[in-house]
Amino acid sequence: MRTELVSEPGLADHPNEDFASVGLPASGQGGSLVVLDGVTPPRSETGCLHSVPWFTARLGGALTELTVSLPDVPLAEALSRAISRTSAAHAETCDLSHPRTPQATVVLARWSPVSVEYLVLSDSALLVEAADGTVTAVLDDRLARLPRSALATDALVDAHYRNKEGGFFTAAADPSVAARAVTGALPRSEVRTLAALTDGAGRWVETFREGDWADFLALVRKRGAQALVDRVRELERADAAGSRTYLGRSKTHDDATVAYAEL
């Protein structure tokens, strides 16, 4: 089995708000990928004493432990438990009802000798390569389906769309959001490779149109995840004026994470 993990902050002087892990149980019979993209808050009040990296480290650490130690617990239930555990860690000091309480997108994948399970919540992605080489992107596209007018201001998003019916969902303080995730399972024999990525790495496809998701996976396999992230950075610097913002780029550089596993 080959695994690879790269996570790079968008700015060298700013903490990385992403989280990534690869869990390989001592049994050697399976494993898991966990990738979170912490949601950068506006400069206004968030109701919380803690940073986004604090939150993603707590939530990601809980998910890594739960997906490995409880293989019979469905991924949505593992996410629900991890959110509850993380919320309990700061419920007494922070206003967890605030719409900008720390939160993150989530990608989970777990494999056993029998099956491959997956979960995607919000705008990170999971790439699944089948035994015949076909690559499928598992996406939660609710945010992408919203009209740009709905995203005009943070206040508008927070009041009407963030973690609301008809909008989009992230992992914040409410464990019931786990039921909103895109989930599924495939026979292990039908899956050759998995790659979980945050939208900062997904810019290679979604913003800069360097290729499709199959091309993305082929590049990571051949040259490594660092080469993929390095190319995204080159493209961002070349377009520093942000002329491609309309393709989904709201800031020059974003945290970029790729977790890759050949099964």
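Look up: the structure comes first, before these words.
Procedures and definitions
The residue count restarts for each chain, going from 1 along the sequence in the order it is written. In view of the model being predicted, local features appear only for residues whose pLDDT reaches at least 70, and side-chain atom pairs are presented and counted only at 80 or more, with totals across whole chains, interfaces and linings using the full set of residues. For side-chain calculations, the full set of non-hydrogen atoms in the structure is used, while hydrogens and water are omitted. A simple rule labels every residue: compare its accessible area, found with a 1.4 Å probe on the protein chains alone, to the largest value its type can have, and call it buried under 20%, exposed over 50%, or partly exposed in between. Secondary structure follows DSSP: runs of H or I at least 4 residues long count as helices, runs of E at least 2 residues long count as strands, and numbering of each begins at the N terminus. For this analysis, residues touch if any pair of their heavy atoms sits within 4.5 Å. At least two bridges found by DSSP between two strands is the condition for calling them paired. Only the stretch in contact is used when a helix axis is fitted, and all axes are lines through C-alpha atoms; the angle between N-to-C directions ranges over 0 to 180 degrees. Relative orientations are named as follows: roughly parallel for angles under 35 degrees, roughly antiparallel for angles over 145 degrees, roughly perpendicular for angles from 65 to 115 degrees, and oblique for any other angle. All residues other than Ala, Val, Leu, Ile, Met, Phe, Trp, Tyr, Cys, Pro, Asp, Glu, Lys and Arg, Gly among them, are scored as polar; the first ten of these are nonpolar and the last four charged. In the cavity and pocket records, a cavity denotes points on a 1 Å grid over the protein atoms alone where a 1.4 Å probe fits but cannot get out, a pocket denotes an open set with protein on both sides within 12 Å along at least 5 of 7 lines, and lining residues are residues with an atom within 4 Å of a point. Grid points are joined across faces, edges and corners, and a volume is the space filled by probe spheres set on the points. Put simply, buried Ala, Val, Leu, Ile, Met, Phe, Trp, Tyr and Cys residues joined by side-chain atoms within 4.5 Å make one nonpolar core.

Draft legend 1. Spatial organisation of helix α5 (residues 199-206). Most of α5 is tucked away: six of the eight residues are buried. What α5 keeps buried is the set Gly-200, Ala-201, Gly-202, Arg-203, Trp-204 and Val-205. In this structure, the buried side of α5 is in contact with β9 (191-197), α6 (213-223), α7 (225-238) and β10 (256-262).

Draft legend 2. Quick look at the sheet that holds β9. Across the sheet, five strands lie side by side as β1-β10-β9-β6-β7; this open sheet has antiparallel pairing. Because the sheet does not close on itself, it has two edges, and the strands there are β1 (2-8) and β7 (135-139). Averaged over all pairs of adjacent strands, the angle between their axes in this sheet comes to 15°, without regard to strand direction. Examined bridge by bridge, strand β6 (residues 125-130) and β9 share six bridges and lie antiparallel to one another.

Draft legend 3. Representation of the packing of α6 against α7 in the model. The N-to-C vectors of α6 and α7 enclose an angle of 120°; their axes lie 6 Å apart at closest approach. Relative to α7, the element α6 is oriented oblique. Of the residues in α7, those touching α6 at Phe-216, Leu-219, Val-220 and Arg-223 are Ala-225, Ala-227 and Leu-228. When grouped by side-chain class, the residues that make up the contact of α6 with α7 number six nonpolar, no polar and one charged.

Draft legend 4. Up close: the layout of surface pockets. Taken as a whole, the second largest pocket spans an internal volume of roughly 310 Å³. Looking at the second largest pocket, it is lined by 18 residues, and the ones nearest its centre are Ser-97, Arg-162, Asn-163, Ala-172 and Asp-174. In the lining of the second largest pocket, the residues fall into six nonpolar, seven polar and five charged.

Draft legend 5. View of the nonpolar core. In terms of nonpolar packing, the biggest core is built from 25 residues, with Leu-36, Leu-59, Leu-63, Leu-79, Val-106, Leu-119 and Leu-121 touching the most fellow members. Every element with two or more residues in this core is listed here: β3 (31-38), α1 (52-69), α2 (75-90), β4 (104-111) and β5 (115-121). The dominant element in this core, judged by the number of residues it contributes, is α1, at six residues. The contact partners of Val-106, leaving out residues within four places of it in the chain, are Val-35, Leu-36, Leu-63, Leu-79, Leu-119, Val-120, Leu-121 and Ala-171.

Draft legend 6. Representation of the pairing of β3. Of all eight residues that make up β3, eight are buried, and the element is covered over most of its length. Of the pairings in the sheet, the one linking strand β2 (residues 18-23) to β3 comprises six bridges and is antiparallel in character. Residue pairing for β3: Asp-18 is matched across the bridge by Asp-37. Taken together, the eight bridges between β3 and β4 define a ladder with antiparallel strand orientation. Residue pairing in the sheet places Val-35 in a bridge with Val-107 of β4.

The values reported here are purely geometric and, on their own, carry no functional implication.
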